[in-house]
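# Commentary on secondary and tertiary structure
Spelled out, the chains give:
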Amino acid sequence: MSSLNNCIKFDLDIKEKNIVFKDYFYKMVQMKKHKIYEAELIQPACPYCGSLALLHNGHLITNIRYLTANASLPVIIRLAKQRVKCRACDHWSMAQSELVNKYCSISNASKLKVLSALTEDRSMTSIARENNVSINTVQRVLGNCSHRFIDSYEYLPAHLAFDEFKGVDRQLHFICLDGDSHQVVQILRTRCKKTLLKYFGRFSPQARANVRTVTMDLNFYYQDIVRACFPNAQIVIDRFHMIQMLTRSFNSLRVQVMKTFDKRSRQYQLLKSPWKLYLKKFDELEKAHPRYNWHYKDCLTQAQVVMEGINTSTTLENSYNLMQSFIQAVETGNTHELKSLINCQDQIGTLMHKTLLTFKHNLTAVLNGAELPYSNGCLEGFNHKIKQIERTAFGYSNFTNLLTRIRLEENQYKEKEPNSLLMTA
């Protein structure tokens, strides 16, 4: 019996001394083959007074679902828990084990495996199927992790990044990242100005004074929040959003100029079919090897296509040269060139002129974006991960569950603390 007990414990990786295995066999349960292990849970002493003088009074049989490497062959531990009465203090008690929580029939090892699977980009249905548990069990394990994420209002990173993403009910949620470590500082249910001011107002003055830069897009009230909450912070406009606004305004002008020509004309075809070439940097265009294109029925290089296309309009040519110079100035961090381009008086498109006025209104923040090394690139990448999480789950209807799943997949899960995570599961 001792040899059988030791072998089963070794096979199931159970180290508790109070559990004694007696037998194992296969059995059909609900038209499915199960592997059954019979074991007894011994109560060695009274949990109230520690006395060894116990009066045994039967057992409570509990069928515990245990983890298995083969999902098609579930494992059940039929555990007989001893009921005892202490002769010293007259208290009744029942044997308890770390294998499973009280009033629960799913082992803590199975819950820990479910929790580990929740850190991966997988659906709850596949996790439940692999671990032979219900989807509600996976949901409860996820819900019991939310209490771990407690906010601390004593510290803020020196470099922050602000943005938003679509989440529950297609609403925009606010997200803030550490610009250095790329770790999530906070995710809030809404991005309303009142909510953000209330949240950052909870931090101590020393924590808010520690913030040196805040990177963002051209959202105007984010700048008001920075000025109100962070006295020593510089506002940094993300370089990607600046270039994106400029390229979109140029692309709109290209379409307007293109529509002034006949659809069968060469000018129309030069501006329409190779539209992606106009958005690339001119230095990256092919200049040595011409290729035939059936749209305009000619053999031209990419640079020749672009040059002939922008020569159809003076406004388009000026706008293209401005866009190329702006991109180069942003990449090299040339703030003097950037400032002169923003104050450009050349004839350009209306939408591009409005874009330059926006940059001029936020001139200091735009120049900081070109000069300082911080950007929202890490935040855009993290938002892509969030979209993938929502796509895998076909969307979330509970913001707390979405927040917990995001942080679990952010590798915040610690395997060294399983008991605190699973006590209420």
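Predicted model only: the values in this text are computed from it and were never measured.

### Things to note about helix H4 (residues 135-143)
When H4 is considered as a whole, its buried residues turn out to be Thr137, Val138, Val141 and Leu142. Down the axis of H4, the sector holding all buried residues measures 140°, keeping them to one side.

### A few points about the pairing of strand S6 (residues 159-166)
The element S6 is extensively covered by neighbouring structure, given that 7 of its 8 residues are classed as buried. As paired elements, S6 and strand S9 (residues 213-216) share 3 bridges and run parallel to each other. Residue pairing for S9: leucine 160 is matched across the bridge by valine 214. For S6 and strand S7 (residues 172-178), the ladder comprises 7 bridges, and the chain directions are antiparallel. Looking at the pairing, glutamate 164 lines up with phenylalanine 174 of S7. Between the antiparallel neighbours S6 and S7 lie 5 residues, among them aspartate 169 with a positive phi of about 55°.

### Quick word on a positive patch on the surface
A cluster of basic residues, Lys166, Arg170, Lys387 and Arg391, forms a positive patch on the protein surface. As for its position among the elements, arginine 170 is in the loop between S6 and S7.

### Some remarks on the UniProt feature "domain: Transposase IS204/IS1001/IS1096/IS1165 DDE" (unreviewed entry) in the chain
The residues that UniProt annotates with the feature "domain: Transposase IS204/IS1001/IS1096/IS1165 DDE" (unreviewed entry) are residues 161-406. Across residues 161-406 one finds 54% helix and 13% strand; the C-alpha atoms that close the span lie 17 Å apart.

### Here's the deal with unusual backbone geometry
Within the chain, tyrosine 103 stands out as a residue other than glycine whose phi angle is a positive 65°. On the secondary structure map, tyrosine 103 appears in the loop between strand S5 (92-94) and helix H2 (108-117). Note on tyrosine 103: relative accessible area 76%, which makes it exposed. Residue asparagine 132 is not a glycine yet carries a positive backbone phi of 55°. Examined against the element boundaries, asparagine 132 turns out to sit in the loop between helix H3 (124-131) and H4.

Quick notes on the rules
- Residues numbered from 1 in each chain as written.
- Predicted model: local features only at pLDDT ≥ 70, side-chain atom pairs only at ≥ 80, totals over all residues.
- Heavy atoms only, no water.
- Buried < 20%, exposed > 50% of the residue type's maximum accessible area, 1.4 Å probe, protein only.
- Helix = DSSP H or I, 4+ residues; strand = E, 2+ residues; numbered from the N terminus.
- Arc of directions from axis to C-beta.
- Pairing = 2+ DSSP bridges.
- Patch = residues over 30% accessible without salt bridge, like charges linked within 9 Å, V, L, I, M, F, W, Y side chains within 5 Å.
- Areas by Shrake-Rupley, 256 points an atom, 1.4 Å probe, with all protein chains shown as cover.
- Salt bridge = Lys/Arg side-chain N within 4 Å of Asp/Glu carboxyl O.
- Lys, Arg positive; Asp, Glu negative; His and termini not counted.
- Charge placed at Lys NZ, Arg CZ, Asp CG, Glu CD.
- UniProt positions renumbered as here; feature names shortened; annotations may be inferred.

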